Amino acid sequence: TLQETLLEVNNIEVIYNHVILVLKGVSLKVPKGGITALLGGNGAGKTTTLKAVSNLLHSERGEVTKGSISYRGEKVQDLEPAALVKMGVVQVMEGRHCFEHLTVEENLLTGAYTRGDGRGAIDADLEMVYNYFPRLKERRKSQAGYTSGGEQQMVAIGRALMSRPETILLDEPSMGLAPQLVEQIFGIVKSLNEEQGYTFLLAEQNTNVALRFAHYGYILESGRVVMDGRAADLRENPDVKEFYLGMS
Ligand code: ATP
């Protein structure tokens, strides 16, 4: 079946500090309603790819020097991050980044700041988030800085959901979490995808988990896509097994 492509990254090159070439022509497509995984080891360029899409490279002295990025066929390269959120694309940064002094619920509500609709719709979405993350409902009055790493990852995803996105860019959701929690978070991502129709592009070093939950994967090595395919096929690929899944 042919799915509509929402996000298309076409042959982008990214340079940091005018000299450090980090992405050497990366192309990928994110279909509507899919979970697409961007895989690869430390430093392969996953975060850089997501930040190129969100236009968050400037503060790191990085820039896209070649190629193009479009969303629903519209060029998004020079959009402010807030404008991209309005188009329906939101990024959950690596390392979670909660507002530590705000409560869990206040953190979630900060995600709704770009919305023009009323409190009723926002409350309904808050309930939706609590429905998927019951733990956050229990902790809603707690200061976010005192919640666990897993809870903070849930807050970060929940806050992104509060902007009513169509597509969520999720950077390294497994980072620093115990295996059981990683399973739980990926399970929730899968439910959000299947039941609410959210589209995901997730960057992940944990190939094993990502390929069990994603539909399609791209493998990055040193700033290049070296392989891509349906997740089920990548899981059976001998090279992927040997180099990324530790089975040979
Ligand atoms: P990680 O899992 O560590 O985040 P990654 O695949 O997401 O890995 P990136 O963070 O995109 O990789 O980094 C890709 C390369 O770019 C690395 O070699 C990194 O050292 C380099 N890099 C990242 N940010 C900068 C920066 N601000 N200035 C210079 N080089 C950078």
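Residues numbered from 1 in each chain as written. Predicted model: local features only at pLDDT ≥ 70, side-chain atom pairs only at ≥ 80, totals over all residues. Heavy atoms only, no water.

A. Geometry of the packing of aromatic side chains. Applying the stated criterion across every chain yields a total of 2 aromatic pairs. Relative to Phe213, the ring of Phe186 lies with its centre 5.5 Å away and its plane at 40 degrees, an arrangement referred to as tilted. Remark: Phe213 occurs in helix α8 (residues 207-213) and Phe186 occurs in helix α7 (residues 179-196); sequence separation between them is 27 residues. Each member of the pair, Phe186 together with Phe213, is buried. (Phe/Tyr/Trp six-rings, centres within 6.5 Å; stacked < 30°, edge-to-face > 60°. Helix = DSSP H or I, 4+ residues; strand = E, 2+ residues; numbered from the N terminus. Buried < 20%, exposed > 50% of the residue type's maximum accessible area, 1.4 Å probe, protein only.)

B. Focus on helix α6 (residues 149-161). With 13 residues, α6 should reach 18 Å at 1.5 Å per residue; the first-to-last C-alpha distance of 19 Å fits that figure. Across the 13 residues of α6, 12 count as buried, placing the element largely inside the fold. Of the positions making up α6, those classed as buried are Gly150, Glu151, Gln152, Gln153, Met154, Val155, Ala156, Ile157, Gly158, Arg159, Ala160 and Leu161. Turning to α6, the residues buried within the fold contact β6 (89-92), α3 (104-110), α4 (119-132), α5 (134-138), β7 (167-171) and α7. (Expected span 1.5 Å × (residues − 1). Contact = heavy atoms within 4.5 Å.)

C. Spotlight on the sheet that holds strand β1 (residues 5-16). The strand order across the open sheet built from 4 strands is β2-β1-β4-β5, with neighbouring strands paired in antiparallel fashion. Two strands lie at the open edges of the sheet, namely β2 (20-31) and β5 (74-75), each paired on one side alone. Examined bridge by bridge, strand β4 (residues 62-71) and β5 share 2 bridges and lie antiparallel to one another. Bridge pairing in β5 links Tyr71 to Glu74. Across the sheet, helix α1 (residues 46-54) lies against β1, β2 and β4, angled at about 110 degrees from β1, the strand it touches most. (Pairing = 2+ DSSP bridges. Axes fitted to C-alpha atoms, helices over the stretch in contact; angles between N-to-C directions.)

D. Focus on the site of the ligand. Taken together, 16 residues form the shell around the ligand, and within it Asn42, Gly43, Gly45, Thr47 and Thr48 come nearest. In this structure, Asn42 approaches the ligand through a side-chain N or O atom, which is 2.5 Å from an oxygen atom. Residue Gly43 places a main-chain N or O atom 2.8 Å away from an oxygen atom belonging to the ligand. When isolated, the ligand has an accessible area of 630 Å², and the protein chains bury 69% of it. For the shell around the ligand, the secondary structure elements donating two or more residues are β2 and α1. No other element matches the 3 residues that α1 contributes to the shell around the ligand. Of the residues assigned to the shell around the ligand, the class counts are 4 nonpolar, 8 polar and 4 charged. (Near = heavy atom within 4 Å. Polar contact = N/O pair within 3.5 Å; in protein donor to acceptor, adjacent residues only side chain to side chain. Areas by Shrake-Rupley, 256 points an atom, 1.4 Å probe, with all protein chains shown as cover. Nonpolar A, V, L, I, M, F, W, Y, C, P; charged D, E, K, R; others polar.)

E. Inspection of the sheet that holds β7 at higher detail. Spatial strand order, β6-β7-β8-β3-β9-β10: 6 strands in an open sheet with mixed pairing. The sheet is open, and its two edges are formed by β6 and β10 (224-230), each paired on a single side. Going across the sheet, the axis of each strand differs from the next one's by a mean of 15 degrees, ignoring polarity. Two elements, strand β9 (residues 216-221) and β10, share 6 bridges in a ladder whose sense is antiparallel. The residue bridging Leu220 from the neighbouring strand is Val225, located in β10. Sheet contacts for α1: β3 (35-39), β6, β7, β8 (199-204) and β9; angle to β7, the most-contacted strand, approximately 145 degrees.

F. Seen up close, the pairing of β2. The sheet contact formed by β1 and β2 spans 9 bridges and is antiparallel. Counted as the bridge partner of Glu8 is Lys29 from β2. Connecting the antiparallel pair β1 and β2 is a turn made up of 3 residues, with Asn17 showing a positive phi of about 55 degrees.

G. Main features of the layout of surface pockets. Taken as a whole, the largest pocket spans an internal volume of roughly 520 Å³. Listed by contribution, the elements that provide at least two residues to the lining of the largest pocket are α2 (81-87), β6 and α6. Its residues placed into classes, the lining of the largest pocket shows 13 nonpolar, 7 polar and 2 charged. (1 Å grid on protein atoms, 1.4 Å probe; cavity = no way out; pocket = protein on both sides within 12 Å on 5 of 7 lines; lining within 4 Å. Points joined across faces, edges and corners; volume = space filled by probe spheres on them.)

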